[in-house]
Amino acid sequence: MILSDKRILEEIEKGSIIIEPFDRDCLGTNSYDVHLGKHLATYKDRVLDAKLHNEITAFEIPKDGFVLQPNTLYLGVTVEYTETHLHVPFLEGKSSTGRLGIDIHATAGKGDVGFCNTWTLEISCAQPVKIYAGMPIGQLIYFVVEGEIETLYNTKSNAKYNKPTTRPVESMMWKNKF
């Protein structure tokens, strides 16, 4: 089941969901709108290797915006820091974002129970489009978990994205053994 607006507010009151900064106007019927942070990054190399640490170049979105180009993966970050202690958070694009041809994640739309951080966005676009820091970029949806959680994400010793950040984080696939 997806949490309703009232349930999201109840869980925030209980402390099982944390959204900072929180703005009541961003609460939808069954979601919470998140915004694009000022930092973007691109990979230094055009060809990426899953077994290597692919380095990124970070930059700030200028006040007058930045034009995304097709065929380039941009890593962005949400303004909002979130913690989810009892529910599974999903990050999806807003319909207005999609109608501009912007995808905000390639495959990583689901968070784990215990995820405590900003969200790194895997941004791509269908055609050139100008974006701005602070613009609504996605929405968080919270699902009820069936069963007891054995290990929260933020307590896993092998969790790769636990370090709190306000900047995009590159892939840590290279830390896996394969």
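Whatever comes next refers back to the structure up there.
Attention in this report is confined to the structure presented alongside it. If you're wondering where the values come from, they're calculated on a predicted model, not measured in any experiment.

### Considering the sheet that holds strand β9 (residues 102-103)
Right, so step 1: Pairing is antiparallel across the open sheet formed by 5 strands, whose spatial order is β4-β3-β6-β11-β9. Of all the strands in the sheet, the pair left with one neighbour each is β4 (56-60) and β9.
Right, so step 2: In this structure, strand β3 (residues 39-43) lies alongside β4, joined through 5 bridges in antiparallel fashion. If you follow H39 over to β4, its bridge partner there is E60.

### Observations concerning unusual backbone geometry
Right, so step 1: E20 connects to P21 through a cis peptide bond whose omega is -5°.
Right, so step 2: Looking at the element boundaries, P21 is found in the loop between β1 (17-20) and β2 (32-35).
Right, so step 3: Its identity is not glycine, yet N71 carries a phi of approximately 65°, on the positive side.
Right, so step 4: In this structure, N71 sits in the loop between β5 (66-68) and β6 (74-77).

What counts as what
Residues numbered from 1 in each chain as written. Predicted model: local features only at pLDDT ≥ 70, side-chain atom pairs only at ≥ 80, totals over all residues. Heavy atoms only, no water. Pairing = 2+ DSSP bridges. Helix = DSSP H or I, 4+ residues; strand = E, 2+ residues; numbered from the N terminus.

All we've got here are geometric facts, nothing functional implied.
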